[in-house]
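Chain by chain, the residues run as shown.
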Amino acid sequence: MTTTLLTNPPQPPTCQHCGAPLEASVFDDVCSEACHHAGHTAHTTPAVVAHGADRSEPLRGTEPLSPSTAVEPAPEVLEGELLPDDAEDAALATRRAGESPLLRARLQSLSTSPEVVHLRGLVAYRVRHAPQDAGRLCWFALRGHARWLSKAWRWASYGDLRADARTARLTGDSQARRTAQELIRADAQHRWAKLGRILRRGIGIGLLLTTLGGVLVLVDASVPRERMWPWLATLYTLLAFTGTVLTWVLKLTPIAWLSAAVWEGRERTPGVGFLTRPSVEDPDSWIDERIISQALAHLSITPLDRFFKNGGALVYTIPARLDGNGTSAQIRLPMGVTAEMVAAKRATLAANLGRAVLETWPTQGPEAGVLDLWVADKGKLGTGAGQWPLLHDGTVDVFEGVPVGKTQRGAIVPAPLFEANYLIGGRPGQGKSAALRTLLLGAALDPTAELWVFVMGQSPDFAPFRPRLSRYAMGMDDTVAEAAMHALADLLDEMERRGKVLEHQPGSPPKTSRKLANKPGLGLHWLGCWIDECHELFQHPSYGQQAAEWAVRLIKRGRKYGISLLLATQSPTKDSIPREVTRNISCGLAFSVADHVANDGLLGSGKYRAGIRATELRMKTDRGTCVAVGLTEATFELLTTFYIPYEDDIDHVTPVITRAMTHITQLRRTGRTAAVGEGPEPVDVLADIATVLGAERRVRTQVALTRLAEHNPTHYEGWSFTDLKTALAPYGIEPTKSDGLMVIRTEDITHALTHRHHHNDTDSDDDAGS
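What you see is a predicted model; the values in this text were computed from it and never measured. (Residues numbered from 1 in each chain as written. Predicted model: local features only at pLDDT ≥ 70, side-chain atom pairs only at ≥ 80, totals over all residues. Heavy atoms only, no water.)

Draft legend 1. Quick peek at helix α11 (residues 346–353). Turning to α11, its buried residues are R346, L349, A350 and L353. Buried positions in α11, seen along its axis, are confined to an arc of 100° and lie on one side of it. Taken together, the buried residues of α11 touch α8 (289–296), α10 (339–344), β7 (360–364) and β8 (370–376). (Buried < 20%, exposed > 50% of the residue type's maximum accessible area, 1.4 Å probe, protein only. Helix = DSSP H or I, 4+ residues; strand = E, 2+ residues; numbered from the N terminus. Arc of directions from axis to C-beta. Contact = heavy atoms within 4.5 Å.)

Right, here's the structure in full:
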């Protein structure tokens, strides 16, 4: 223990928690102004003040301190232990370091926010390149003055007009040369006349201002400000303020002049930043046309090498620009060079651009000689797609699409389901079934959709969907294959039935639609059939050949009737997937595959040669990322799919299915119980219109539509004027105007019914006579 000799008066009490001085009038254990953490006792130096004590008086049992009194300070107590003085400061510092965990958490969250991280990286980049930036700014200033001098000389010497005269002389066009010379003379006369007018006006205004200034100076020197008229004193105040502003303007003019010169002399090459040029050696840099051209010049492609050797310059039909998480450009290649030749050198191109192979995607553009190039920013791929947008709320319209993932550009892709068939594949464990599950979960959120699922293996991936499925079978035995075969046969029958139903609709629409799908009685809703591990079905010894034939028929013809097949496999070979299936599939998703055979088996023939390659995706590292074709208008998309967990006691699928079930009143089921071609009972539109018109001579078309919807909601609900007009056209009836309103006349309907009955009776007599 040490002894301290107090030579100064006692110090005021301080807060034990934050160390702030406490006023004598504060009777709390903490300072309310500087600290909001209760439960800490205040202390003084060197004595301890008890809670509630009068801090203006000495403590009971103690004597007032004097300079000659030696006092032994009270030891610090921490969790019931007496600490010596050498550990007291350390303990107090340790306690204060942990006083505000909330503040530390907020500061840590702020320091790790994307904005702060970006700003910190930008500042660090500028600091590292400060010498280069200073040199470039000096060079920009010199080049800016040179450009100004060049523009001034061109203006003073009529450079543009003289260039036109020289061109006319070289081409032998005497009339154009004479015109250019006359323009030079006329412009010189006009320019000198304008300069003379400016000088005359300038001299006049200068003399006037000088005279006024002299008078004001004389008045200010001879008359005190207090004796001047108020307006004159105000004028002098304004003049003084103007003089101060002009002084600062003159001081700032050199800075403004230098800034303008730097801006004038900046680098103007497309894709180049203000201070730095993109460089492959710089890991923080980006991609521009110059780097792309240099990378293409070192691919060892003979026609391309010859082109650059002869001084050729590439034509960028779309200049390099930011595109999502990377840079895209479109280049017209020189003669003798195709986009496939560049795609074949993808690894070399990636190395030349300073990127990984997966970050470099050269593909064929709209023509064979046009290269579409997309280069990812370093480290931006593989960050995941984030949370599925419909995980907690929202519904889906299958005629619009289901959000399935994000592209390499960061845009959410709505995968089309109507008029689309899918083939999804890849090596085991790379996200194939998860993508299929995402599509199924999205379709389940459409109350009008009907869903069938067949899993050709022992996998529980789709078990939570059972309440929402009209058909479901899972297993490795022949019963599942047989159930899938019956499903394909039922889909073929359903396709024929829907075709006949469409024929009886107004206008005979060529395909189903959202409007027709909303009418349950028609049975024209979207119907999707999912088959996981479909290669097991196509390679089945008993059902394989027939299943392949029926699947191809459905893929070719079923799309416009609202029937889609979604197939998934981990064995996309020519033996496991029928060639006609691959040829006619509209949407393909390829996760990591082993070779070009599997790549083209999923994405279509020739995709590997065109540079669209899922072989570049890495096992496990790129899990959940696939190469997709047919989902957007682009040739391909590098798609990171949404992942909806259903494993390790984490189930985000069941809540979505529960939510989906609340949106539907009756599960739609299509089966073979109905005879082939059986549809809803035929509707006699003409007779129904006659019924709703009643005894009235004419009825407004809008009123007739309302009455028809009340008479037969299943058929007429949602009808428009166009539907009504189309239904009446075969009978030669057309709505007419009466008092400015479109109406249907009862006389026309009655005449059409009478004529139809008479025509039917005549046909019956003819048949009986024959």
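Draft legend 2. Region of the structure containing unusual backbone geometry. The phi angle at Y158 is positive, at roughly 55°, despite the residue not being glycine. Relative to the elements of secondary structure, Y158 occurs in the loop between α4 (130–156) and α5 (159–171). Overall, the relative accessible area of 12% leaves Y158 in the buried class. In this model, D739 sits at a positive phi of 55°, which is unusual for a non-glycine residue. Within the secondary structure layout, D739 lies in the loop between β22 (736–738) and β23 (741–745). For D739, a relative accessible area of 78% gives the class exposed.

Draft legend 3. A look at the packing of aromatic side chains. Counting across every chain of the model gives seven aromatic pairs. Ring centres of W229 and W231 lie 6.0 Å apart, and the angle between their planes is 15°; this geometry places the pair in the stacked category. Overall, the relative accessible area of 56% leaves W231 in the exposed class. For the pair F399 and F418, a centre-to-centre distance of 4.7 Å together with 45° between the ring planes defines the contact as tilted. Within this pair, whereas F399 is found in the loop between β8 and β9 (402–406), its partner F418 is found in the loop between β10 (412–415) and β11 (422–425), the two being separated by 19 residues in sequence. Each member of the pair, F399 as well as F418, carries the same accessibility label: buried. Note that R191 overlies the ring of W155, its terminal NZ or CZ placed 3.9 Å from the centroid. Directly above the ring of Y608 sits R613, whose terminal nitrogen or CZ lies 4.3 Å from the centroid. (Phe/Tyr/Trp six-rings, centres within 6.5 Å; stacked < 30°, edge-to-face > 60°. Lys NZ or Arg CZ within 6 Å of the ring centre and 35° of its normal.)

Draft legend 4. Fine view of the nonpolar core. Counting residues in each nonpolar core, the largest one holds 56 residues, and the members touching the most others are L491, L537, F538, L554, L565 and V627. The greatest single-element share of this core, amounting to 12 residues, is contributed by helix α13 (residues 478–503). Setting aside anything within four residues of it in sequence, one finds V627 in contact with W361, G588, L589, A590, L603, I612, R613, A614, L617, F636, E637 and L638. (Core = buried A, V, L, I, M, F, W, Y, C linked by side-chain atoms within 4.5 Å.)

Draft legend 5. Layout of the pattern of salt bridges. In this structure the tally under the stated criterion is 22 salt bridges. Linking R514 and D446 is a salt bridge whose minimum nitrogen-to-oxygen distance equals 2.7 Å. Placement of R514 in helix α14 (residues 514–517) and of D446 in the loop between α12 (432–444) and β12 (450–455) is noted, with a sequence separation of 68 residues between them. Using a relative accessible area of 2% as the deciding quantity, one classes D446 as buried. The partner of E580 in a salt bridge is K556, and the shortest N-O contact between them spans 3.7 Å. Highlighted residues: E580 in helix α17 (residues 579–584) and K556 in helix α16 (residues 544–557), separated in sequence by 24 residues. By relative accessible area, E580 is classed as partly exposed at 29%. Salt bridges here are not isolated pairs; linked through shared partners, they connect D397, D446 and R514. (Salt bridge = Lys/Arg side-chain N within 4 Å of Asp/Glu carboxyl O.)

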